[in-house]
Amino acid sequence: MGFLDALLGRSKPVRPDLDQLFALPSAAVTLQAAAGFEPTGLGSVCFASVEGGAFSRIQEDARALLDGSVEFSQDAYGYSWLLARHPAEDVAGLVNDLHAVNTSLEESGFGPQLLCSLVGFRDERQRPLALVYLYKRGTFYPFAPKTDAGEKRDSPLELQVRAMLGDDLTIEQDLSRWFPVWGAPGL
């Protein structure tokens, strides 16, 4: 970072610590034991859209890396999502795949476009829950949309999950950074 950047208040972007994702399997065990939330086997990566040939290359590379078990979509805000599927009990395999895709994107120069990754869970009442990793912050937060209330969150559940997983994950302390990911693939 140069003198002019410091003077104008600009900061160097934080490099994502992708190895934080490897804490998810132990967090999944804690979440299952403490609250009855089971992994769904679905996980996704969100990144700012890339135009043209670069996006096609990303899709081809991800499909080759994950043996074709990946789907791509774009949300209403123009962000690209990669959805990976695994057996529900294979959280470690899912995390390995998400880590590999993120590493591949980062090494291809798309690190600044990475926004978040998430792993989905459901309880016996079929309430959805995602553990979301924010690349720019290096932290996790729970996202629990209410299933029958439109775009509303189950904030008490999110706060309970935060308390449960404080020893397993680096939880984002700034609640204003707990962005909703409505309709995210894998949720």
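Scroll up to find the structure.
If you're wondering where the values come from, they're calculated on a predicted model, not measured in any experiment. (Residues numbered from 1 in each chain as written. Predicted model: local features only at pLDDT ≥ 70, side-chain atom pairs only at ≥ 80, totals over all residues. Heavy atoms only, no water.)

Enquirer: What is the right way to read empty space enclosed by the protein from this model?
Expert: It is the rolling of a water-molecule-sized probe over the atoms that shows where space remains empty. Under the counting rule described, the total for this entry stands at 1 cavity of 30 Å³ or more. The volume enclosed by the largest cavity comes to roughly 90 Å³. As for the largest cavity, its lining consists of Arg57, Ile58, Asp61, Ala62, Leu65, Val101, Ser104, Leu105, Ser108 and Phe110. At the level of secondary structure, the elements contributing two or more residues to the lining of the largest cavity comprise α3 (52-65) and α4 (91-110). Of the residues belonging to the lining of the largest cavity, the class tally is 6 nonpolar, 2 polar and 2 charged. (1 Å grid on protein atoms, 1.4 Å probe; cavity = no way out; pocket = protein on both sides within 12 Å on 5 of 7 lines; lining within 4 Å. Points joined across faces, edges and corners; volume = space filled by probe spheres on them. Helix = DSSP H or I, 4+ residues; strand = E, 2+ residues; numbered from the N terminus. Nonpolar A, V, L, I, M, F, W, Y, C, P; charged D, E, K, R; others polar.)

Enquirer: I tried to follow the pairing of strand β4 (residues 114-122) on my own but got confused; where do I start?
Expert: The two faces of the sheet receive side chains in turn, since in a regular strand these alternate between them. With respect to burial, β4 is a largely interior element, 7 of its 9 residues being buried. Inspection of the sheet shows strand β1 (residues 38-48) paired to β4 by 7 bridges, in the antiparallel sense. Across the sheet, the residue bridging to Cys46 is Cys116, located in β4. Hairpin geometry of β4 and strand β5 (residues 128-134) is characterised by an intervening segment of 5 residues between the two adjacent antiparallel strands and by a positive phi of about 65° at Gln126. (Buried < 20%, exposed > 50% of the residue type's maximum accessible area, 1.4 Å probe, protein only. Pairing = 2+ DSSP bridges.)

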